[in-house]
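# A closer look at the structure
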Amino acid sequence: NTLKTLPRREFKGGMAEVIKHAMIMDKEYFEFLEENADAINSLNADVLVKMIQRSCEIKGRVGELDEEEKNLRGILNFGHTIGHGLEKISNYTLPHGHAVSIGGRYAGEISASRRLLSEKELERYITLLEIFGLPKEMHDVDTAELMKAMGTDKKVEKGQKNFVLPQRIGEMATVNGKYKIPVADNEITDVLRL
């Protein structure tokens, strides 16, 4: 009932985080979102309760397994590297969930360009964003300004921008056992041109 009181824009923003939860850890949950999209968009209470419960379980489990944010907890930052940069250059007028949606799409593109995520699964992810009315690309954004804003993010280590990249729906990639994966500036700018 509380969700029914939210402006639609806020509900959509929350759905970006819900989709992220499925993308990072639970393929079956992703399929649940695909299969129940109409009911979710219609704010069907029974489906919403299941959705909220599963998202809480995923976020809670990740936090429980990595309380000190040593590695696994980083997967919660999927979509946030570019997303935080977009929020910053918009002077925080772009809602967080919308920024995460756009950032997740571009992280997916980087992952696909590295042959980690299949084009088919990337397309499923993008389609799910569209079904919930979420943005999937930037408009009228100065790439140089965005890159500068991303350089101040907490995920930057020793000047290196780090991303969380999907390997497949429900599973994130690692490099040397780490979920934070360094991505070169030219790789980022290449996908931002799409």
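Residues numbered from 1 in each chain as written. Predicted model: local features only at pLDDT ≥ 70, side-chain atom pairs only at ≥ 80, totals over all residues. Heavy atoms only, no water.

### Focus on the pattern of salt bridges
Keep this limit in mind: Salt bridge, as applied in this entry: a Lys or Arg side-chain nitrogen positioned within 4 Å of an Asp or Glu carboxyl oxygen. Residue burial is assigned from relative accessible area. The probe radius is 1.4 Å, only protein chains are included, and a residue is buried under 20% of its type maximum, exposed over 50%, and partly exposed in between. Comment: elements are numbered from the N terminus, with helices defined as DSSP H or I runs of at least four residues and strands as E runs of at least two.
What the rule picks out here adds up to 13 salt bridges. For E68, the salt bridge identified is with K70, shortest N-O distance 3.5 Å. For E68, a relative accessible area of 61% gives the class exposed. Of the charged contacts in the structure, one is a salt bridge between R105 and E137, with a shortest N-O distance of 3.8 Å. Taken as a pair, R105 in helix α6 (residues 96-113) and E137 in the loop between α7 (119-131) and α8 (143-150) lie far apart in primary sequence, 32 residues in all. One network of salt bridges, in which partners are shared, links D26, R54 and E57.

### What about the layout of surface pockets?
As a reminder of what qualifies: Only protein atoms enter the calculation, which uses a 1 Å grid: trapped sets of points that fit a 1.4 Å probe without letting it out are cavities, open sets showing protein on both sides within 12 Å along at least five of seven lines are pockets, and any residue with an atom within 4 Å of a point is a lining residue. Grid points are joined across faces, edges and corners, and a volume is the space filled by probe spheres set on the points. We call Asp, Glu, Lys and Arg charged. Ala, Val, Leu, Ile, Met, Phe, Trp, Tyr, Cys and Pro are nonpolar, and the rest, Gly among them, are polar.
What the largest pocket holds in volume is close to 260 Å³. Forming the walls of the largest pocket are 14 residues, and the residues nearest its centre are N71, E157, K178, Y179 and K180. Residues of the lining of the largest pocket, tallied by class, amount to four nonpolar, five polar and five charged. Size it by volume and the second largest pocket reaches roughly 160 Å³. As for the second largest pocket, its lining consists of L3, L6, E10, F11, G14, M15, V18, M51, I52 and S55. Where the lining of the second largest pocket is concerned, the elements lending two or more residues are α1 (8-25) and α4 (45-65).

### Concerning unusual backbone geometry
One non-glycine residue, Y92, adopts positive backbone phi at about 65°. Note that Y92 resides in the loop between α5 (80-89) and α6. With a phi close to 55°, N176 is a non-glycine residue in the positive phi region. Here N176 lies in the loop between β3 (171-172) and β4 (181-182).

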